[in-house]
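Listed below, chain by chain, are the residues.
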Amino acid sequence: DTGVSQDPRHKITKRGQNVTFRCDPISEHNRLYWYRQTLGQGPEFLTYFQNEAQLEKSRLLSDRFSAERPKGSFSTLEIQRTEQGDSAMYLCASSPSGQVVEQYFGPGTRLTVT
Amino acid sequence: GNSVTQMEGPVTLSEEAFLTINCTYTATGYPSLFWYVQYPGEGLQLLLKATKADDKGSNKGFEATYRKETTSFHLEKGSVQVSDSAVYFCALFPSSASKIIFGSGTRLSIRP
């Protein structure tokens, strides 16, 4: 297994368009996380899945954002009606179950909204 | 609430210099503490971790000790190399949550 993968790596879109990102976690990991990282800042938590169930969502995740993990494997993060403030790096991470476990991060999708 | 405060960068050192990057935290309960590293063009990687007070995490010559009395987890390395140039993030995993809380990152540049 080669780790967490994300697609696309870069996305440029115009304000008002919808975008969708995909994350493929490490195959045996049942937990999947989305974070957002803006320039010069650390990643901020967006949402978390255990298998297909979305267990926690941050207040950062406005109504324009939706995440799914339909079969408990890959996940998608959709942003509707993008705004310039959505420009950021979107990071996906996965981990096995357990009390304190390492989260393995993907390379991220860099979104630029023009 | 839970938060992490780390030394602002950028930090520029010469090769073989001693490195310290300060990190303090605020948390309820007994969090686990991490240092993550982000090399240019790559994803975040766990560098080291400590899960309880007085634990020392170590990896690749880096060390950090979980100090509950000072709520600190400072990163140290005795002799840095050019290949250590990266952004370093201090982070905590609260005992009652699933998400990691990151500091703002410290950019480290090492001159040959």
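The paragraphs below set out a description of the structure included in this document. (Residues numbered from 1 in each chain as written. Chains lettered and ligands numbered in written order. Predicted model: local features only at pLDDT ≥ 70, side-chain atom pairs only at ≥ 80, totals over all residues. Heavy atoms only, no water.)

### Topic: the overall build of chain A
Part 1: A tally of helices and strands in chain A yields 0 helices and 11 strands.
Part 2: When the helices and strands of chain A are listed from N to C terminus, the series reads β-β-β-β-β-β-β-β-β-β-β.
Part 3: Its C-alpha radius of gyration of 13 Å places chain A within 12% of the 13 Å reference for a compact globule of 114 residues.
Part 4: Evaluated residue by residue, chain A yields a buried proportion of 46% over its 114 residues.
Part 5: Considering only intrachain contacts with a sequence separation of at least 6, the fraction spanning at least 24 residues in chain A is 53%.
Part 6: Counting only carbon and sulfur atoms, one obtains 44% of the accessible surface of chain A, whose full area is about 5900 Å². (Helix = DSSP H or I, 4+ residues; strand = E, 2+ residues; numbered from the N terminus. Rg over C-alpha atoms; globule rule 2.2 N^0.38 Å. Buried < 20%, exposed > 50% of the residue type's maximum accessible area, 1.4 Å probe, protein only. Contact = heavy atoms within 4.5 Å. Areas by Shrake-Rupley, 256 points an atom, 1.4 Å probe, with all protein chains shown as cover.)

### Here we look at the interface of chain A and chain B
Part 1: Between chain A and chain B, the contact holds 19 residues from the first and 17 residues from the second.
Part 2: For the chain A and chain B pair, buried surface summed over both sides reaches about 1500 Å², with 55% attributable to carbon and sulfur atoms.
Part 3: Here chain A and chain B share 1 salt bridge between them.
Part 4: With a closest N to O distance of 2.7 Å, Glu56 of chain A and Lys99 of chain B form a salt bridge.
Part 5: Applying the counting rule to chain A against chain B returns 6 residue pairs in polar contact (both at pLDDT 80 or more).
Part 6: At the level of elements, strand S4 (31-37) and strand S5 (44-50) of chain A are the ones that each hand at least two residues to the side of chain A that touches chain B.
Part 7: Looking at the side of chain A that touches chain B element by element, the count peaks at 3 residues for S4 of chain A. (Buried area = accessible area lost by both parts, 1.4 Å probe. Salt bridge = Lys/Arg side-chain N within 4 Å of Asp/Glu carboxyl O. Polar contact = N/O pair within 3.5 Å; in protein donor to acceptor, adjacent residues only side chain to side chain.)

### Quick look at the state of the cysteines
All names here are of chain A.
Part 1: Inspection of the entire model under this criterion finds 2 disulfides over all chains.
Part 2: One disulfide in the model links Cys23 with Cys92; its S-S distance is 1.8 Å. What sets the handedness of the Cys23 and Cys92 disulfide is the S-S torsion sign, and at about -70° it is left-handed. Of this pair, Cys23 sits in strand S3 (residues 19-24) while Cys92 sits in strand S9 (residues 88-95), placing them 69 residues apart in sequence.
Part 3: According to the relative accessible area criterion, Cys23 is buried, its value standing at 0%.
Part 4: Residue Cys92 is classed as buried on the basis of its relative accessible area, which comes to 0%. (Disulfide = S-S within 2.5 Å.)

### Concerning unusual backbone geometry
Part 1: Residue Pro8 of chain A is reached from Asp7 of chain A by a cis peptide bond, and omega for that bond is -5°.
Part 2: Note that Pro8 of chain A resides in the loop between strand S1 (5-7) and strand S2 (10-13).
Part 3: Cis peptide bonds are those with omega within 30 degrees of zero, and the linkage from Gly9 of chain B to Pro10 of chain B qualifies with -5°.
Part 4: In this model, Arg81 of chain A sits at a positive phi of 50°, which is unusual for a non-glycine residue.
Part 5: Residue Arg81 of chain A is classed as partly exposed on the basis of its relative accessible area of 45%.
Part 6: We note that Asp54 of chain B has phi near 75°; this positive angle belongs to a residue other than glycine.
Part 7: Counting through the fold element by element, Asp54 of chain B comes out in the loop between strand S6 (44-50) and strand S7 (56-59).
Part 8: With relative accessibility at 53%, the residue Asp54 of chain B sits in the exposed group.

Without other data, these values stay purely geometric and don't point to any function.
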